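Coordinates in review
Take a look at the letters that make up each chain.
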Amino acid sequence: MTDDLYEKARAVRANAHAPYSGFRVGAAIRSASGVYVGCNVENAAFPEGICAEGGAITSMVAAGDKAILEVLIYAEADTPTAPCGGCRQKLSEFAGPEVKVSLAGPDGVRAVMTMADLLPAAFSGGHWSMPQA
Ligand code: THU
């Protein structure tokens, strides 16, 4: 079932706006309602750039879903591309420790990790006392 995520992440990567780094990334997230994709969107003001994972998360939440079932990240680096630290935190807002994160490239899925592998001892809303929205 990861095949559909692979094809969608690879396809959306082509739409990345990455004129500054030259590094295009595609992400696909499965939730109960479907598959949501994102690509990195860089900006001349560098810190304003958005990672592929962030775009996919935004699409999922905009569609009304808040539970990630599976993630695949597609890039064409020599080694498997894992999500950046900020994206690990963003994913963990909606993905439990058991959620599978596949790291893929042109040759297919290169590594399969879990959220717990990527972000052990994650910070969550459970660490503070304000009510969750
Ligand atoms: N990037 C992503 O989109 N996702 C990741 O998980 C790693 C990095 C993007 C951000 C930036 O546009 C480019 O890759 C180089 O860092």
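Everything here concerns the structure above.
Described in the following lines is the structure provided in the data block. (Residues numbered from 1 in each chain as written. Predicted model: local features only at pLDDT ≥ 70, side-chain atom pairs only at ≥ 80, totals over all residues. Heavy atoms only, no water.)

Notes on the side chain of Asp65
Along the chain, Asp65 turns up in the loop between α2 (52-62) and β3 (68-75). Nearest to the buried, unbridged Asp65 among oppositely charged side chains is Lys66, at 9.7 Å. Of the polar contacts made by the side chain of Asp65, one reaches the side chain of Ser31; its length is 2.6 Å. Contact partners of Asp65, with chain neighbours within four places excluded, come to Ser31, Ala32, Ser33 and Met60. (Helix = DSSP H or I, 4+ residues; strand = E, 2+ residues; numbered from the N terminus. Buried < 20%, exposed > 50% of the residue type's maximum accessible area, 1.4 Å probe, protein only. Lys, Arg positive; Asp, Glu negative; His and termini not counted. Salt bridge = Lys/Arg side-chain N within 4 Å of Asp/Glu carboxyl O. Polar contact = N/O pair within 3.5 Å; in protein donor to acceptor, adjacent residues only side chain to side chain. Contact = heavy atoms within 4.5 Å.)

Quick look at the pairing of strand β1 (residues 25-31)
Most of β1 is tucked away, with 7 of its 7 residues classed as buried. Of the two faces of β1, the one holding Val25, Ala27, Ile29 and Ser31 and the one holding Gly26, Ala28 and Arg30 are both buried throughout. Pairing of β1 with strand β2 (residues 34-39), which is carried by 6 bridges, proceeds in the antiparallel orientation. Among the inter-strand pairings, Ala27 is bridged to a residue of β2, identified as Gly38. (Pairing = 2+ DSSP bridges.)

Structural notes on the packing of α2 against helix α3 (residues 85-92)
Between α2 and α3, the shortest axis-to-axis distance is 9 Å and the interhelical angle comes to 20°. In terms of axis orientation, α2 runs roughly parallel to α3. The interaxial crossing formed by α2 with α3 has left-handed handedness. Contacts between α2 and α3 involve Glu53, Gly54 and Ile57 from the first element and Cys87, Lys90 and Leu91 from the second. The class makeup of the residues in the contact of α2 with α3 is 3 nonpolar, 1 polar and 2 charged. (Axes fitted to C-alpha atoms, helices over the stretch in contact; angles between N-to-C directions. Parallel < 35°, antiparallel > 145°, perpendicular 65-115°, else oblique. Left-handed = near helix turned anticlockwise from the far one by under 90°. Nonpolar A, V, L, I, M, F, W, Y, C, P; charged D, E, K, R; others polar.)

Focus on the site of the ligand
Around the ligand, the structure places Ser21, Phe23, Val25, Asn40, Glu42, Cys51, Ala52, Glu53, Ala82, Pro83 and Cys84. One of the side-chain N or O atoms of Glu53 is found 2.5 Å from an oxygen atom in the ligand. Grouping the constituent residues of the shell around the ligand by class yields 7 nonpolar, 2 polar and 2 charged. (Near = heavy atom within 4 Å.)

In short, shape yes, function no, at least from these values alone.
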